[in-house]
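# Working through the structure, step by step
Listed here are the chains, written in short residue letters.
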Amino acid sequence: MSQILIKVITSVAISFLLLGCVSKQYIDVSNSVYTSSADSKFNISKITINDASKNNTLKSMPHMPIKFISEISFPNTVSSDLKAYFNKKLSNNSNNTLEIDILEAEPYWLLQDIDRVPLIGIVGVNKQKAYKLYISLRFKIIKNGKTSSIKYYQNTITIYNSAAMEEDLVIGYKKLVSQYREIIFSDLDNSEFILILIGRVK
């Protein structure tokens, strides 16, 4: 088999991976769950989380969603993480409810033109790809059935990893989840806006 034909076959296979022709699988990301360093309670007794991201998915180039490699949607992962984080900080001495809307939680690749040209794209097969996560959250405090205050949190998380093979995609996805957890929840631990919005109780 000629070297040119091998390159074509390899390039096409990689294009299939990048364009979503990978079987969904369960990806265990439980080993990167964030442990809060702040042990004080927030001035809330209940939390509700809504997924408002369904109409905000990234569908156009150069943003290529990578959620297809996992059978679990990323907003569900974010929802579970937020519940685990805030449930440990609920207070019995509060009547406030924290409502969180997940406005956006989409992991994606930032593709370059070279990635979409089969014969040329083969040159960049083993290069590191940018795995990104844009996350947007809306925090609302509900007092006596009415919204008393609203704050927004937005961030873009980036890691670099190969996307040449399916196992590379899984490794990159796990790294992205781990980095997102470390950054987002560390921000929540140390963010002034959370203290202003929610307040803490002794």
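Quick caveat, the model's predicted, so the values are computed rather than measured.

## Brief notes about the overall build of the protein chain
A tally of helices and strands in the protein chain yields 5 helices and 7 strands. Going from N to C terminus, the protein chain has its helices and strands arranged as α-β-β-β-α-β-α-β-β-α-α-β. Taken over 202 residues, the protein chain has a buried fraction of 46%. Counting contacts in the protein chain only where the partners sit at least 6 residues apart, residues at least 24 apart contribute 83% of the total.

## Observations regarding the nonpolar core
Counting residues in each nonpolar core, the largest one holds 38 residues, and the members touching the most others are Leu82, Phe86 and Tyr180. Secondary structure elements with two or more residues in this core: β2 (46-51), α2 (74-87), β4 (97-110), β5 (129-143), β6 (146-161) and α4 (166-190). Among the elements that make up this core, the one with the highest residue count is α4 (9 residues).

## Points about the packing of α2 against α4
Each pair of packed helices can be summarised by the angle the axes make with each other and by the distance between the axes. Packing of α2 against α4 leaves a shortest axis separation of 12 Å and a crossing angle of 40 degrees. In the packing of α2 onto α4, the handedness of the crossing is right-handed. For the pair α2 and α4, contact is made by Phe74, Thr77, Val78, Asp81, Leu82, Tyr85 and Phe86 and by Tyr173, Val177, Tyr180, Arg181, Phe185, Leu188 and Asp189, respectively. Across the contact of α2 with α4, the residue classes tally to 10 nonpolar, 1 polar and 3 charged.

## Observations regarding the confidence of the model for the protein chain
The predicted structure's coordinates, where accompanied by low pLDDT, should not be read in detail. Within the protein chain, residue pLDDT values average 76, and 66% of them lie at 70 or more. At the level of individual helices and strands, the protein chain shows its lowest average pLDDT in helix α3 (residues 118-121), which scores 43, and its highest in β2, which scores 92. Segment residues 117-124: pLDDT under 50, and 10 contacts once partners within four positions in sequence are set aside and those in other chains are kept.

## Details of the pattern of salt bridges
Inspection of the entire model under this criterion finds 4 salt bridges. Here Asp101 makes a salt bridge to Lys140, at a shortest N to O gap of 3.3 Å. Within this pair, whereas Asp101 is found in strand β4, its partner Lys140 is found in strand β5, the two being separated by 39 residues in sequence. The structure contains a network of salt bridges with shared partners spanning Glu99, Asp101, Arg138 and Lys140.

## Some details on the side chain of Ser136
Mapped onto the secondary structure, Ser136 falls in strand β5. The residues touching Ser136, leaving out its near neighbours within four places in the chain, are Asp101, Ile102, Leu103, Glu104, Tyr153 and Gln154.

## So, the environment of Tyr180
On the secondary structure map, Tyr180 appears in helix α4. In this structure the C-alpha to C-alpha distance between Tyr180 and Val78, which are 102 residues apart in sequence, comes to 9.5 Å. The contact partners of Tyr180, leaving out residues within four places of it in the chain, are Phe74, Thr77, Val78, Asp81, Leu133, Ile135, Ile157 and Phe185. Here the side chain of Tyr180 touches Asp81 through a polar contact of 2.7 Å, side chain to side chain.

## With respect to the packing of aromatic side chains
Under the defined criterion, the tally for this structure stands at 7 aromatic pairs. With centroids separated by 5.8 Å and ring planes inclined at 40 degrees, the aromatic side chains of Phe42 and Phe86 adopt a geometry described as tilted. With a gap of 44 residues between them, Phe42 in strand β1 (residues 41-42) and Phe86 in helix α2 connect regions that are remote in the sequence. Under the relative-accessibility criterion, Phe86 is labelled buried at 0%.

## Some thoughts on the environment of Ser32
By the element assignment, Ser32 lies in the loop between α1 (3-18) and β1. Taking relative accessible area as the criterion, Ser32 reaches 15% and is therefore assigned buried. As a C-alpha pair, Ser32 and Ser178 span 146 residues in sequence and 5.2 Å in three-dimensional space. The contact partners of Ser32, leaving out residues within four places of it in the chain, are Val177, Ser178 and Arg181.

Cut-offs and rules
- Residues numbered from 1 in each chain as written.
- Predicted model: local features only at pLDDT ≥ 70, side-chain atom pairs only at ≥ 80, totals over all residues.
- Heavy atoms only, no water.
- Helix = DSSP H or I, 4+ residues; strand = E, 2+ residues; numbered from the N terminus.
- Buried < 20%, exposed > 50% of the residue type's maximum accessible area, 1.4 Å probe, protein only.
- Contact = heavy atoms within 4.5 Å.
- Core = buried A, V, L, I, M, F, W, Y, C linked by side-chain atoms within 4.5 Å.
- Axes fitted to C-alpha atoms, helices over the stretch in contact; angles between N-to-C directions.
- Left-handed = near helix turned anticlockwise from the far one by under 90°.
- Nonpolar A, V, L, I, M, F, W, Y, C, P; charged D, E, K, R; others polar.
- pLDDT = per-residue confidence, 0-100.
- Salt bridge = Lys/Arg side-chain N within 4 Å of Asp/Glu carboxyl O.
- Polar contact = N/O pair within 3.5 Å; in protein donor to acceptor, adjacent residues only side chain to side chain.
- Phe/Tyr/Trp six-rings, centres within 6.5 Å; stacked < 30°, edge-to-face > 60°.

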